[in-house]
Amino acid sequence: MRGTRGVVGVAALAAALGGLWLSPALQLVPSAMAQSPSAAPASPQSRPSGAPRKPAAPPAAAAPAGPSAAQLAAEQAQRQRFQAECLACHGVGGQSQQPEVPSLAGQHAFYAITQLFLYREGRRANPVMSAVARGMSDADMRAFSELIAALPATPAGVDGAATDPVRMRRGAELALRHRCGACHGSDYTGGAQVARIAGQREDYLRLVLGEFQSGARLGYTTAMNETLAGLSPDDLGALAYFLARVR
Ligand code: HEC
Ligand code: HEC
């Protein structure tokens, strides 16, 4: 039932995001995942449509002036709000120090804007983020997503704690067997609307894997819900352990 609802929702989401996302360099085909999970962008290197293709030359004959003073002021305000409000929770540089608050550093712009949209529309439920997202205009979402994508990725295993090789091997084997890398990239850094999961906080990874498995989190497509069917709580723990530390 839930799965059906998720798939139906994707069309509306894709349409809305298409209108939301105005930057031509980042324009993607949001329905690609829904139609064919196996054709998901596997890694940043092999993203045909997601590769940041800069226009060959700035449109020389475009409007003579650059952004207006009002636009510049709005961008400045969004940057300040991002630093003061978002990073207060998500950590300096987007590297979270708080339990169950995800790091945003290195997350992809399209993934980030999709999640903000899901929170705002109530499709991804979290009391904190839903409240934050409700106050966002489309322009805010776009600006925040681009600011997120510009943060350098969190180095994996930053806490310096010793890594248990047995647990790492178990997590790596599970990730291979369940083909996590087919969508998240062989190095788990994601791409386009597929999340970066390498180096994410272990507690957050464990939390959301449980939520996908139970159907509490549906996601942009039902890919994650289906992928985790049949895994034990212990398996989810080993995957989270491995992904938080994988380099
Ligand atoms: C009070 C703390 C708090 C504030 C402020 C906050 N966030 Fe969050 N954010 C969270 C938590 C907690 C989650 C994870 C929620 C969940 O489990 O769904 C989250 C999730 C996210 C995600 C999804 C990340 C992922 O990996 O799926 C994005 C994107 C995000 N926040 C962006 C923002 C932006 C942009 C702002 C500022 C406008 C912001 N957040 C402000 C706590 C906060
Ligand atoms: C068929 C493609 C596919 C496969 C296979 C897949 N994922 Fe995902 N995964 C996705 C997509 C797409 C998202 C974003 C979902 C959304 O819109 O919320 C995601 C999201 C996630 C997230 C949430 C990230 C965040 O920041 O909140 C985690 C964690 C995750 N996947 C882990 C895994 C693990 C572990 C495996 C293997 C057991 C796996 N995935 C296999 C496509 C896939």
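Residues numbered from 1 in each chain as written. Chains lettered and ligands numbered in written order. Predicted model: local features only at pLDDT ≥ 70, side-chain atom pairs only at ≥ 80, totals over all residues.

Some points on the site of ligand 2
By nearness alone, 27 residues border ligand 2, and Cys180, Cys183, Ala195, Gly219 and Tyr220 come closest of all. Elements represented by at least two residues in the shell around ligand 2 include exactly α8 (180–184), α9 (202–214) and α10 (223–227). Here the shell around ligand 2 is built from residues that sort into 18 nonpolar, eight polar and one charged. (Near = placed C-beta within 6 Å. Helix = DSSP H or I, 4+ residues; strand = E, 2+ residues; numbered from the N terminus. Nonpolar A, V, L, I, M, F, W, Y, C, P; charged D, E, K, R; others polar.)

With respect to unusual backbone geometry
For Arg179, which is not glycine, the phi dihedral falls at a positive 55°. Mapped onto the secondary structure, Arg179 falls in the loop between α7 (165–177) and α8. The class for Arg179 is exposed, based on 11 C-beta atoms found within 10 Å. Of note in the backbone geometry, Tyr188 takes a positive phi value of approximately 65° without being a glycine. With respect to the helices and strands, the residue Tyr188 is situated in the loop between α8 and α9. (Buried ≥ 20, exposed ≤ 12 C-beta atoms within 10 Å, placed from the backbone.)

Quick notes on the site of ligand 1
Around ligand 1 sit 20 residues, and of these Cys86, Cys89, Pro102, Asn126 and Phe144 come closest. Counting residues per element, the shell around ligand 1 draws most heavily on helix α3 (residues 69–90), which supplies five residues. Classifying every residue of the shell around ligand 1 by side-chain character gives 13 nonpolar, four polar and three charged.

Concerning the environment of Gly94
Within the element layout of this structure, Gly94 appears in the loop between α3 and α4 (109–120). Between the C-alpha atoms of Gly94 and Leu104, which are ten residues apart in sequence, the distance is 4.9 Å. Gly94 has contacts with Leu87, Ser103, Leu104, Ala105, Ile148 and Leu151, leaving out every residue within four places of it along the chain. (Contact = placed C-beta atoms within 7 Å.)

Side note on the nonpolar core
Grouped together as the largest cluster of nonpolar side chains are 39 residues, with contacts concentrated most on Leu116 and Leu243. Looking at this core, the elements that each hand over two or more residues are α4, α6 (138–149), α8, α9 and α11 (233–245). Considering every element that reaches this core, the biggest residue donor is α4, with nine residues. Setting aside chain neighbours within four positions, we find Leu243 in contact with Gly171, Tyr188, Ile197, Ala198, Gln200 and Leu205. (Core = buried A, V, L, I, M, F, W, Y, C linked by C-beta atoms within 7 Å.)

Comments concerning the packing of α7 against α11
A pair of packed helices can be characterised by two numbers: the angle between their axes and the separation between those axes. It is the contact of α7 with α11, at a shortest axis distance of 8 Å, that shows an interaxial angle of 100°. If you check the angle between α7 and α11, you find them roughly perpendicular. Along the contact surface, α7 presents Arg167, Met168, Arg170, Gly171, Ala172, Leu174 and Ala175, while α11 presents Asp235, Ala238, Leu239, Tyr241, Phe242, Leu243 and Arg245. A class-by-class count of the residues in the contact of α7 with α11 yields nine nonpolar, one polar and four charged. (Axes fitted to C-alpha atoms, helices over the stretch in contact; angles between N-to-C directions. Parallel < 35°, antiparallel > 145°, perpendicular 65-115°, else oblique.)

Describing α11
Its 13 residues place the ends of α11 19 Å apart at the C-alpha level, agreeing with the 18 Å of an ideal helix rising 1.5 Å per residue. Of the residues making up α11, those classed as buried are Leu236, Ala238, Leu239, Ala240, Phe242, Leu243, Ala244 and Arg245. Of the surrounding secondary structure, the elements contacted by the buried residues of α11 are α7 and α9. (Expected span 1.5 Å × (residues − 1).)

Here we look at the confidence of the model for the protein
Looking at the protein, the pLDDT average stands at 81 and 71% of residues meet or exceed 70. Low pLDDT, under 50, characterises residues 1–8; the stretch is placed with nine contacts to residues that sit more than four places away or in other chains. For residues 22–55, every residue scores under 50 in pLDDT, and the model assigns this stretch 51 contacts once sequence neighbours within four places are set aside. (pLDDT = per-residue confidence, 0-100.)

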